[in-house]
Amino acid sequence: MRPLLRMRDVAACGALYGLAAVPLLGVISLFVGDHHDRRMFPGVVGLAAAFIAVVGTLLELFFW
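The structure reproduced in this document is the subject of the present report.

Rules and cut-offs
Residues numbered from 1 in each chain as written. Predicted model: local features only at pLDDT ≥ 70, side-chain atom pairs only at ≥ 80, totals over all residues. Heavy atoms only, no water. Helix = DSSP H or I, 4+ residues; strand = E, 2+ residues; numbered from the N terminus. Rg over C-alpha atoms; globule rule 2.2 N^0.38 Å. Buried < 20%, exposed > 50% of the residue type's maximum accessible area, 1.4 Å probe, protein only. Areas by Shrake-Rupley, 256 points an atom, 1.4 Å probe, with all protein chains shown as cover. Phe/Tyr/Trp six-rings, centres within 6.5 Å; stacked < 30°, edge-to-face > 60°. Patch = residues over 30% accessible without salt bridge, like charges linked within 9 Å, V, L, I, M, F, W, Y side chains within 5 Å. Salt bridge = Lys/Arg side-chain N within 4 Å of Asp/Glu carboxyl O. Axes fitted to C-alpha atoms, helices over the stretch in contact; angles between N-to-C directions. Parallel < 35°, antiparallel > 145°, perpendicular 65-115°, else oblique. Left-handed = near helix turned anticlockwise from the far one by under 90°. Contact = heavy atoms within 4.5 Å. Nonpolar A, V, L, I, M, F, W, Y, C, P; charged D, E, K, R; others polar.

**Quick word on the overall build of the chain**
- Scanning the chain for helices and strands turns up two helices and zero strands.
- Scaling as 2.2 N^0.38, a compact globule of 64 residues should have a C-alpha radius of gyration of about 11 Å, whereas the chain reaches 16 Å, well beyond that.
- C-alpha atoms of the chain, sized along the principal axes, occupy 50 × 20 × 15 Å.
- When the 64 residues of the chain are sorted by exposure, 3% land in the buried category.
- On the chain, roughly 6000 Å² of surface is accessible, and the fraction owed to carbon and sulfur atoms is 76%.

Have a look at this one:
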């Protein structure tokens, strides 16, 4: 049986995933053509990421 993950390890893993996503979003934003869409892209991605983070946190707390 494996021990539960420590909060520090979970936070470090989340930070690494977040840092890895920044260059990916930068590359994807190069392919967005319209100026208005380019300005909206970071906001939409940020809102989606916040929603996923809240849902993920609630699920993790339920299963922990």
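Now that the structure is up, let's keep going.
**Focus on the packing of aromatic side chains**
- What the rule picks out here adds up to one aromatic pair.
- With 5.2 Å between their ring centres and 70° between their planes, Phe 62 and Phe 63 make a pair best called edge-to-face.
- Given the relative accessible area of 66%, Phe 62 is considered exposed.
- Looking at Phe 63, the relative accessible area reads 66%, which means it is exposed.

**A few points about a nonpolar patch on the surface**
- Nonpolar side chains collect at one region of the surface, where Phe 51, Ile 52, Val 55, Leu 59, Phe 62 and Phe 63 lie side by side and expose about 720 Å² of accessible area between them.
- Inspection of the secondary structure puts Phe 62 in helix 2 (residues 35–63).

**Some remarks on the packing of helix 1 (residues 7–29) against helix 2**
- Viewed as axis vectors pointing N to C, helix 1 and helix 2 meet at an angle of 150°, and their least axial separation amounts to 11 Å. The angle between helix 1 and helix 2 falls in the class roughly antiparallel. Crossing angle aside, the handedness with which helix 1 passes helix 2 is right-handed. Residues Leu 25, Ile 28 and Ser 29 of helix 1 pack against Arg 38, Phe 41 and Val 45 of helix 2.
- Taken together, the residues of the contact of helix 1 with helix 2 sort by class into four nonpolar, one polar and one charged.

**Focus: the environment of Phe 51**
- Examined against the element boundaries, Phe 51 turns out to sit in helix 2.
- Linking Phe 51 and Ala 21, residues 30 residues apart in sequence, is a C-alpha distance of 16 Å.

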